[in-house]
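What follows is each chain in one-letter form.
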Amino acid sequence: MSPTESESVDPRPLHERIAADLREQINAGDYPAGTAIPSTEQLKARFEASNATVQKALGLLKKEGLVVGRAGSSVQVREQRRQVMAPGRYSAPAAAGEPYRWIAEAEARGQTGHSKLLEVAEVVPPADVRNALGLANDERAVLRKQILFLNDEPCELVKSYYPVELARGTALTQKKRIRGGSPTLLAEAGFPPVHTLDRVSACIATQEQYEALQLPSDLPVLRTLRVVISRDDRVIEVTEMAKASHLYELQYGY
C-alpha cells in the first residue's frame, strides 16, 4: 500500500512522492513506452490524494519528458528517453581519421552527437581533482570544459583536467575541438590510457550543472570522477562528468 500524506515519514510533498514512485515504475519498464499509466481516479485511490495533487505529480513527469497527455484524457509514457551509457566504450583512442568515440557510439545508436567547447584555461582544480593529479593546493592544471549533446539536447557537462607540463605546447591548451578527442592526442604524444578508474555518485545539481543540462527540477545528477592512468602509473587526465539522472544510467562490465 502506498503511504498517504499523514502516514509517510518522507517529508516531501505528496505530489513529489507520487511522481517519484511513477518515475521509478516508468524507468523500470512497468509502464512501457506508448502505454497509458493508471488513470487519475486510480492514482487518487492508490495514493489517497486529491485530483489537484495527482495533476501536480503528472505535471512534474511531463516537464521531465517522461509522459504526455492532457487533463481528461489518458496520460501515456513517451518513447523511452532514459538511455544506458557504457563509459568503457569511450575511453580508448579513436582510430586514425575517426571521430571521438563518444560521437561514434552515438551514431551507432542512430543518434547525432556533438560537443560545444566552453572554456580552456589554466586553473586551480577542485580538491578531489588535485589529489588525483598529485597537485599541491595552489598548483594549476589545464581545464577543458564542454557540453556533450545528443540529438541537440544537452547530455553531459564535462570538465577535463590535465597536468600543465603534459598539456602545454599541445592542442589541449587551444580553444578548439580535438579530432578524435583527448585520448587520441595523448596516445599520439606517447601517453596511451592503460587503465581508468571511475567513481560515480548521485548529487544535487550545482547551479552550473542545472543550467547547462537544462534540468526540469531539482533531480540529482550522476557525477563521475574519472582518473585516466598511462604507463608507469602516470595520471594523465582527471575528468568530472555530470549527467541528468532521470535520463541516463551507467553500465559497466567486469
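Residues numbered from 1 in each chain as written. Predicted model: local features only at pLDDT ≥ 70, side-chain atom pairs only at ≥ 80, totals over all residues. Heavy atoms only, no water.

**With respect to the confidence of the model for the chain**
Logical step 1: Overall, the predicted model of the chain reaches an average pLDDT of 90, with 95% of residues at or above 70.
Logical step 2: Helix α5 (residues 127–133) holds the highest mean pLDDT among the elements of the chain, 97, whereas helix α4 (residues 101–108) holds the lowest, 84. (pLDDT = per-residue confidence, 0-100. Helix = DSSP H or I, 4+ residues; strand = E, 2+ residues; numbered from the N terminus.)

**Side note on the packing of helix α2 (residues 40–47) against helix α3 (residues 51–63)**
Logical step 1: Interaxial distance between α2 and α3 falls to 9 Å at its minimum, and their mutual angle equals 105°. Classified by the angle between their axes, α2 and α3 sit roughly perpendicular to one another. Taken together, the residues of α3 that come into contact with α2 (itself represented by T40, L43 and K44) are N51, V54, Q55 and L58.
Logical step 2: In the contact of α2 with α3, the residues fall into three nonpolar, three polar and one charged. (Axes fitted to C-alpha atoms, helices over the stretch in contact; angles between N-to-C directions. Parallel < 35°, antiparallel > 145°, perpendicular 65-115°, else oblique. Contact = heavy atoms within 4.5 Å. Nonpolar A, V, L, I, M, F, W, Y, C, P; charged D, E, K, R; others polar.)

**A word on unusual backbone geometry**
Logical step 1: Positive phi outside glycine occurs at Q214, with the angle close to 55°.
Logical step 2: The topology assignment puts Q214 in the loop between α8 (207–212) and β8 (220–229).
Logical step 3: Q214 gets classed as exposed once you look at its relative accessible area, which sits at 60%.
Logical step 4: Of note in this structure, D232 is not a glycine but carries a positive phi near 60°.
Logical step 5: Mapped onto the secondary structure, D232 falls in the loop between β8 and β9 (235–244). (Buried < 20%, exposed > 50% of the residue type's maximum accessible area, 1.4 Å probe, protein only.)

**Quick look at the environment of V75**
Logical step 1: Mapped onto the elements of the fold, V75 is located in the loop between β1 (67–68) and β2 (76–77).
Logical step 2: Along the backbone, V75 and T239 are 164 residues apart, and their C-alpha atoms lie at a distance of 40 Å.

**Digging into the nonpolar core**
Logical step 1: Ranked by size, the top nonpolar core spans 24 residues in total, and within it M85, W102 and L150 carry the most contacts.
Logical step 2: A total of four residues in this core trace back to one element, the largest contributor, which is strand β5 (residues 141–150).
Logical step 3: Among residues more than four places away in sequence, those in contact with W102 are M85, Y90, G113, H114, L148, F149, L150 and C155.
Logical step 4: Judged by nonpolar contacts, the second largest core, of 18 residues, contains A19, I37, L43 and V67. (Core = buried A, V, L, I, M, F, W, Y, C linked by side-chain atoms within 4.5 Å.)

**Observations concerning the sheet that holds strand β6 (residues 153–163)**
Logical step 1: The strand order across the open sheet formed by six strands is β4-β5-β6-β9-β8-β7, and the pairing between neighbours is antiparallel. The outermost strands of the open sheet, each flanked by one partner alone, are β4 (113–123) and β7 (195–204). Averaged over all adjacent pairs, the angle separating strand axes in this sheet is 15°, with direction ignored.
Logical step 2: As defined by bridge partners, β4 adjoins β5 across ten bridges and the pair is classed as antiparallel. By the bridge assignment, A121 is partnered in β5 with L143.
Logical step 3: Sitting on the sheet, α4 is in contact with β4, β5 and β6, with an inclination near 165° to β4. (Pairing = 2+ DSSP bridges.)

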